[in-house]
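Commentary on secondary and tertiary structure
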Amino acid sequence: PLDGSINFIDSLNKVATPSTVQSFNAAMVADQAVIQVTYKNETTEVYQAKTGAKLSPFSEAWAKKIALSAYNDQGTISSVEWMTDDNLYYRGKLPVWKVSFDDAANKVLYVSPRTGRIAARRSTLWRVYDTLWMLHIMDYEERSDAHNLLLQAAALTGLVFAISGLWLLFYSFSGRRRKKTSVQ
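Remember, predicted model here, so these are calculated numbers, not experimental data.

Now for the pairing of strand 6 (residues 108-111). On strand 6, burial covers both faces: Val108 and Tyr110 on one face and Leu109 and Val111 on the other are all buried. With 4 bridges joining them, strand 5 (residues 96-101) and strand 6 adopt antiparallel strand pairing. For Lys98, the partnering residue across the bridge sits in strand 6 and is Tyr110. Here strand 6 runs beside strand 7 (residues 118-122); their pairing, made up of 4 bridges, is antiparallel.

This part takes up the sheet that holds strand 7. Sheet architecture is open: 4 strands sit in the order 4-5-6-7, paired in antiparallel fashion. One side of each edge strand has no neighbouring strand; the edge strands of this open sheet are strand 4 (77-83) and strand 7. Pairwise comparison of adjacent strand axes, ignoring direction, gives a mean angle of 15° for this sheet. Packing of helix 2 (residues 60-70) onto the sheet brings it into contact with strand 4, strand 5, strand 6 and strand 7, and relative to strand 5 it is tilted by some 55°.

Calculation rules
- Residues numbered from 1 in each chain as written.
- Predicted model: local features only at pLDDT ≥ 70, side-chain atom pairs only at ≥ 80, totals over all residues.
- Heavy atoms only, no water.
- Buried < 20%, exposed > 50% of the residue type's maximum accessible area, 1.4 Å probe, protein only.
- Helix = DSSP H or I, 4+ residues; strand = E, 2+ residues; numbered from the N terminus.
- Pairing = 2+ DSSP bridges.
- Axes fitted to C-alpha atoms, helices over the stretch in contact; angles between N-to-C directions.
- Contact = heavy atoms within 4.5 Å.

This is how it looks when you write it as structure tokens:
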């Protein structure tokens with residue numbers, strides 16, 4: 001919970017002039033009260049609520065703290081990686097901190113250096129689900145487009161087969177009978 005003794009308006013006045021601020025948000029990051037300020041130029045900065053000290057972009061040490069405070073299993077951090085390139089399992093804004101844990105589920109938390117929030121959570125179960133989802137929607141590259149050309153072609157082919165099957169069903173049971181020819 002947020003600390004009720006902090007005057008967030010005073011803290012906001014320490015870090016920004018009101019004319020430059022588009023919005024601000026009070027939140028908890030790694031068990032610390034912070035103010036997330038979005039400026040009119042669309043940049044976002046995070047400040048400590050009590051002191052006004054700038055926290056963003058968050059360092060590797062902060063990424064570890066944030067990940068550990070959001071982690072709810074038994075295990076320890078096995079690696080922390082700064083990601084600037086696209087990844088098969090993370091499709092959010094880059095760059096991001098990738099914090100891996102050595103638990104049974106192979107959990108990975110992606111921490112945004114701009115906001116200090118958990119951008120994504122991944123585990124072995126999620127990776128299996130994502131692979132099955134990729135096969136289901138037939139999007140083998142981005143795994144997110146359920147309206148891709150391959151899927152639409154397969155759906156159209158299925159529709160043609162279904163309609164032709166119905167036509168064959170009615171045709172075979174219609175009143176047309178073959179004339180029996182007798183062999184003499």
